[in-house]
Amino acid sequence: MSCLVDAAGIYCGGGPYKVTASSALKSSGAITYEAKNAHDFSFKTAWVEGVDGYGQGQYLEYFFENKSPRVTAIEIYNGYTKSEEAWKKNSRVKRLLLSVNNRPFARLELQDTRALQTFTLPGPLGRTSDGKELVLKFEILEAYNGDAYDDTAITEIFFDGLDVHCLAKGTVVSLERSKRPIETIAIGERVLQYDPNTDRMATAVVTRVIKAVHSHLLTLRIEKGFEIKATAEHPFWVKGKGWAAYDPRPRQAGRVGRYEIGDVFLVYDGEKKIQEYRLQEILKQETTGETYTLKLASGMSFIGNGFIVGTEHVRE
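Quick caveat: nothing in here was measured; it's all calculated off a predicted structure.

Criteria and cut-off values
Residues numbered from 1 in each chain as written. Predicted model: local features only at pLDDT ≥ 70, side-chain atom pairs only at ≥ 80, totals over all residues. Heavy atoms only, no water. Helix = DSSP H or I, 4+ residues; strand = E, 2+ residues; numbered from the N terminus. Buried < 20%, exposed > 50% of the residue type's maximum accessible area, 1.4 Å probe, protein only. Contact = heavy atoms within 4.5 Å. Areas by Shrake-Rupley, 256 points an atom, 1.4 Å probe, with all protein chains shown as cover. Polar contact = N/O pair within 3.5 Å; in protein donor to acceptor, adjacent residues only side chain to side chain. Pairing = 2+ DSSP bridges. pLDDT = per-residue confidence, 0-100. Core = buried A, V, L, I, M, F, W, Y, C linked by side-chain atoms within 4.5 Å. Salt bridge = Lys/Arg side-chain N within 4 Å of Asp/Glu carboxyl O.

## Quick notes on the overall build of the protein
Phase 1 of the analysis: Secondary structure summary: the protein contains one helix and 24 strands in total.
Phase 2 of the analysis: Classification of the 316 residues of the protein by burial places 51% in the buried group.
Phase 3 of the analysis: Residue pairs in contact within the protein that sit at least 24 positions apart in sequence constitute 69% of those at least 6 positions apart.
Phase 4 of the analysis: Surface summary for the protein: the accessible area is close to 14000 Å², and the carbon and sulfur share equals 46%.

## Description of the environment of tryptophan 47
Phase 1 of the analysis: Tracing the sequence through the fold places tryptophan 47 in strand β2 (residues 47–48).
Phase 2 of the analysis: Of the residues examined, tryptophan 47 reaches a relative accessible area of 0% and is grouped as buried.
Phase 3 of the analysis: The spacing of tryptophan 47 and serine 23 is 24 residues in sequence and 9.4 Å in space, taken between C-alpha atoms.

## Here's the deal with the environment of leucine 294
Phase 1 of the analysis: By secondary structure assignment, the location of leucine 294 is in strand β22 (residues 289–296).
Phase 2 of the analysis: Expressed as a C-alpha distance, the spacing of leucine 294 and valine 191, which sit 103 residues apart in the sequence, is 9.8 Å.

## Topic: the side chain of serine 91
Phase 1 of the analysis: Along the chain, serine 91 turns up in strand β5 (residues 91–100).
Phase 2 of the analysis: Judged by its relative accessible area of 0%, serine 91 falls in the buried class.
Phase 3 of the analysis: Within the structure, serine 91 has its side chain in polar contact with the backbone oxygen of aspartate 150 (distance 3.0 Å).
Phase 4 of the analysis: In contact with serine 91, not counting residues within four places along its chain, are Tyr54, Gly79, Tyr144, Asn145, Gly146, Tyr149, Asp150, Asp151, Thr152 and Ala153.

## Some words on unusual backbone geometry
Phase 1 of the analysis: Phi is positive for arginine 127, which is not a glycine, with a value near 55 degrees.
Phase 2 of the analysis: By relative accessible area, which is 33% here, arginine 127 ends up partly exposed.

## Some remarks on the pairing of strand β3 (residues 59–64)
Phase 1 of the analysis: Burial runs high along β3: five of the six residues are buried.
Phase 2 of the analysis: Sheet analysis places strand β1 (residues 18–21) next to β3, joined by four bridges and oriented antiparallel. From the neighbouring strand, valine 19 faces β3, where its bridge partner is tyrosine 62.
Phase 3 of the analysis: Two strands pair when backbone bridges link them, and β3 and strand β8 (residues 134–144) are joined in this way by six bridges, in the antiparallel orientation. Pairing of tyrosine 59 across the sheet is with glutamate 139, part of β8.

## Considerations on the confidence of the model for the protein
Detailed reading of the predicted model is not advised wherever pLDDT is low.
Phase 1 of the analysis: On average, residues of the protein carry a pLDDT of 88, and 89% of them reach 70 or more.
Phase 2 of the analysis: Predicted confidence for residues 1–13 stays below pLDDT 50, and this span has 91 contacts to residues more than four positions away or in other chains.

## With respect to the nonpolar core
Phase 1 of the analysis: In this structure, Phe236, Tyr259, Leu294 and Phe302 are the most contacted members of the largest nonpolar core, which totals 28 residues.
Phase 2 of the analysis: Contributions of two or more residues to this core are made by β14 (200–214), β15 (217–222), β16 (227–230), β17 (236–238), β20 (264–268), β21 (274–285), β22 and β24 (307–310).
Phase 3 of the analysis: Grouped together as the second largest cluster of nonpolar side chains are 26 residues, Ala38, Val71, Leu98 and Leu136 included.

## Overview of the pairing of β22
The side chains of a regular strand alternate, residue by residue, between the two faces of the sheet.
Phase 1 of the analysis: The element β22 is largely enclosed, with a buried count of six among its eight residues.
Phase 2 of the analysis: Bridging between strand β10 (residues 167–168) and β22 involves two bridges; their strand directions are antiparallel. What sits directly across from alanine 168, in β22, is threonine 291.

## A short note on the pattern of salt bridges
Phase 1 of the analysis: Taken as a whole, this structure holds 16 salt bridges when the rule is applied.
Phase 2 of the analysis: Between lysine 36 and glutamate 34 there is a salt bridge, with its nearest N and O atoms 3.8 Å apart.
Phase 3 of the analysis: Residue classification places lysine 36 among the exposed positions, given a relative accessible area of 53%.
Phase 4 of the analysis: The closest approach of N and O atoms between arginine 221 and glutamate 281, which form a salt bridge, is 3.4 Å. Pair noted here: arginine 221 is in strand β15 and glutamate 281 is in strand β21, with a separation of 60 residues, a long-range link.
Phase 5 of the analysis: Residue classification places arginine 221 among the partly exposed positions, given a relative accessible area of 32%.
Phase 6 of the analysis: By relative accessible area, glutamate 281 is classed as partly exposed at 31%.

Put into structure tokens, the structure is as follows:
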């Protein structure tokens, strides 16, 4: 869940497994306006309600498994943002009613802008002791009128939260016999991993590739030109500290320490050798982008851009 309080990422641990809507505008050729468009990580598609008028009372519902990361913030791209023209022609949401498991929770007041709008929740939602799934409902209460159409659109609703960590799109993962960007890795493939306790290389089967969206990432630069982009809580293996993150979350206490400039990171050189290089620079990036992480059948690490990075098992 991308943590949009300080933006890490819910999706790395798994976001909503289903999105539904009370109605949707009829498709126009190959262009659709269905519910899933409001959570497809694309700014070229949108959900558009399908009733007469401005859509008051129409809604989207997002379903999360109980084991999914907890939600702490909501991010919304309002209207049909694929172009300035489409955004102006179609109506946009002015006010949404957020309900949690069918109970009214908050009114979200949206600005009339194509820019990202973030709503931080008073506390995390999800992972309750009763084991019930989390259902978030967004009901249109009022809309900004479009220049040409009554139809009210929402391009994307993202979620941020706890219990997750991710790597930026384009991170190169070392497989058994090759290297590829993390977003191209498929379930069933074998990735290389390093066990710092035995100082041995091994392989592990990928059981899940998880996609997320984050608006805050760190770029870590170490000696010899190695660098990687990751969320602040993503763990790396650091000499003398074990698993460490820039900003470990309370849930990682006792399992994940804190790295800083000057720490020694373990790096795979591509020749089945592990080298030691010092962290020289940490840069903060605040542009929204796709992120990914892997779940594996065994072990707690894989290799990204040469770095020994932790899987989701490190936080569990």
